[in-house]
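Per-entry structural report
So the chains spell out like this:
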Amino acid sequence: MPPWRQALRNFLSIQMSSSLPFSFPGRRRWRCLLTAAAAGWLASNPVSHAFADADERPDPVVAASTTPPAQPDPEPEPYDADGHAPIGVIGDHLHAAGEFMLSYRFMPMAMSGLRDGPSDLTDAEALAMDNPFFGNPGQPPKMRILPRDMTMQMHMFGTMYGLTDRITLMAMGMMVGRDMTLETHNLPGASIGTFDTATWGLSGASASALIGLADGNIRTHLLAGVGLPAGSLTETGEALLPNGTRREVRLPYAMQPGSGSFEARPGIVVQSKRERTTLGGQLAARLPLGDNSEGYRTGNAYLLNMWWMVQPTPAVAFSMRFLLERMGAIEGRDPMIAGPVPTADPANYGGGRITGYLGVNVAGQSGVLREHRLALEFGRPFIQDLNGPQMPRDWELIIGWQRSWSLTN
Ligand SMILES: [Cu+2]
C-alpha cells in the first residue's frame, strides 16, 4: 500500500473512531462517512433559532435578558478561529441575520511536467503521441509543443450577508493570472526553443444561497449556487511553431480566463464541533448547464472536502484537510484552438486528484483586530490521475482575509 494511502486510512480511522459510537470495516469508510453525516443530520435536534455564527456573536436578546444592565461590560466573547472552515473551503459557514462579511483570497499555484493517467510521461513518450489535428494544413503528425510549467495566481473576492439566521447569501468574483512556458520541437523531435504565454483577467463569478438545515452538535447547511459566465474565452498569444516561425494563435483552453457557461453549484456542508476540535465535510459539484459562446463546456466537477481542526485557544486553529476532486474532460471544442500541443485537445482535461492541506486560522479577539480573520493553507496533491497528457499540480497556497460586521447592532 503506498504511503499516502496508509496516511489517508489512518487519518480516516482516527476521525471515525473518535466521532462515532461504532466501528465498521475499513473498505466501507467512504460510504460510512457520508451515511454517518446524513444520519447525524437526521438525528440532530430540530432547527433552533440560534443559527449561524451564534458562537461568535452573543445573541443580543439573550444577552439583554440575562445580563443585569448595571454590571460593567465583561470581557468580549471569544471569537473562535474554528468558527470558519480552513480557508480553501468556500461556503462553509452561515451568518446571523443582518451580518455582513467581506473576504479576499490570494491563491498561487504551480504545475509542471506531463502526466497521463496516474504516471509521469517522458519527453520521448509525449513526442510520440499523435497530434489529433494532423491532416489540417500545417499540422505535424505527432505532438511537438510540450508544456513545461505553469503558474496561476487567483484573486477571489467574496461577500456574504445573513438574510435570516437560516439563509445566507453569497457572491464571489475571481480574477486569474496564468503564465505558461512551453518547449517546441522540430519535426525530427529536437528542441528548438521555449516560449511563454500569459493571460490575466476576470475568471468567474457566482451567486449562492446557503440554507441552514440543522444547528446544534451537528450543523448542516445546503449550498444552492449558480456560476455565471464571466471572463474572456478568446485570448491569444505568440507561439513558436515546429517550423521555427512564430505566430499569434488563440491560446488553448487551459490559458483562457473564463469558462463561459452557466453552472449549477449544489452542495451540502456538515460540521461537528466537540470542545476544541471540529470535524467537517463538504460535498459539492459544479455542473455546466450548456455550451459557451465558443462551442464547448468544461466537464462536470465533483468535490469532497473533509477537514479536522483543533483550536488550542480561540484566536488560533490549526487544520488538516483532504480534497477529493473528480472532473470530466472538456465537451465540445473551440474550432479556433488547434496545434501539436496536448493542451489544444479537449480530451486532455479533467481527471481525479486527492490533495492534502495543512492550515491555520487566526481570529482577532479585541480592539481594531476583532472580527478580522487571517488564514493560510498549503496544499500538495497525494495522487493525480489525469486525462492526459496534462500538467500535474505541484503545490498551492491559499492566503485569506475575512471581516464581518453586524449591520443590526
Ligand atoms: Cu462569511
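Here's the deal with the overall build of the chain
- Scanning the chain from N- to C-terminus turns up four helices and 18 strands.
- The burial tally for the chain puts 37% of its 409 residues in the buried class.
- Taking as baseline every contact in the chain between residues at least 6 positions apart, the subset at least 24 positions apart corresponds to 70%.

Looking at the nonpolar core
- Grouped together as the largest cluster of nonpolar side chains are 21 residues, with contacts concentrated most on L114, A126, L146, L182, Y253 and V341.
- Taken together, the elements giving at least two residues each to this core come down to β4 (145–162) and β5 (167–185).
- Discounting residues that sit within four places of it in the chain, Y253 has contacts with I330, I337, T343, P346 and Y349.
- Core analysis: the second largest hydrophobic core is formed by 13 residues, M101, L210, A214 and I218 among them.

What to know about the pairing of strand β11 (residues 277–288)
- As judged from the ten bridges shared by strand β10 (residues 263–274) and β11, these two strands associate in the antiparallel manner. Paired with V270 across the strands is G281, a residue of β11.
- Pairing between β11 and strand β13 (residues 301–313): ten bridges, direction antiparallel. Pairing of G280 across the sheet is with W307, part of β13.

Looking at the pairing of strand β17 (residues 372–390)
- As paired elements, strand β2 (residues 115–117) and β17 share two bridges and run antiparallel to each other. Looking at β17, one finds that G117 is bridged to L386.
- Note: strand β16 (residues 351–363) against β17, 13 bridges, orientation antiparallel. The partner of T355 across the bridge, within β17, is P381.
- Relative to strand β18 (residues 393–406), β17 runs antiparallel, the two sharing eight bridges. Each bridged residue has a counterpart across the sheet, and for E377 the counterpart in β18 is I398.

Focus: the confidence of the model for the chain
- Of all residues in the chain, 81% have pLDDT values of 70 or greater, and the mean over the chain is 86.
- Here helix α2 (residues 29–43) stands out as the element of the chain with the lowest mean pLDDT, 42, in contrast to strand β14 (residues 316–327), whose mean of 98 is the highest.
- Across residues 10–65, confidence stays below pLDDT 50; counting only partners more than four residues off in sequence or on other chains, it has 62 contacts.

Quick word on unusual backbone geometry
- Geometrically, the link from G388 to P389 is a cis peptide bond, its omega value of 5 degrees lying close to zero.
- Tracing the backbone through its elements, the reader meets P389 in strand β17.
- Although it is not a glycine, E275 sits at a positive phi angle of roughly 50 degrees.
- Along the chain, the position of E275 falls in the loop between β10 and β11.

Some words on the environment of T236
- When you line up the elements, T236 lands in strand β8 (residues 236–240).
- Leave out the neighbours within four places in its chain, and T236 touches E248, V249, R250 and L251.

Thoughts on the environment of F262
- Here F262 shows up in the loop between β9 (246–250) and β10.
- A sequence separation of 56 residues divides F262 from S206, and the C-alpha atoms of the two residues are 9.3 Å apart.
- Among residues more than four places away in sequence, those in contact with F262 are V226, G227, L228, P229, L289 and G290.

Things to note about the environment of G201
- Note that G201 resides in strand β6 (residues 191–214).
- In this structure G201 comes out as partly exposed when scored by C-beta crowding, with 15 C-beta atoms within 10 Å.
- Separated by 30 residues in the primary sequence, G201 and G231 have C-alpha atoms spaced 6.6 Å apart.

Cut-offs and rules
- Residues numbered from 1 in each chain as written.
- Predicted model: local features only at pLDDT ≥ 70, side-chain atom pairs only at ≥ 80, totals over all residues.
- Helix = DSSP H or I, 4+ residues; strand = E, 2+ residues; numbered from the N terminus.
- Buried ≥ 20, exposed ≤ 12 C-beta atoms within 10 Å, placed from the backbone.
- Contact = placed C-beta atoms within 7 Å.
- Core = buried A, V, L, I, M, F, W, Y, C linked by C-beta atoms within 7 Å.
- Pairing = 2+ DSSP bridges.
- pLDDT = per-residue confidence, 0-100.

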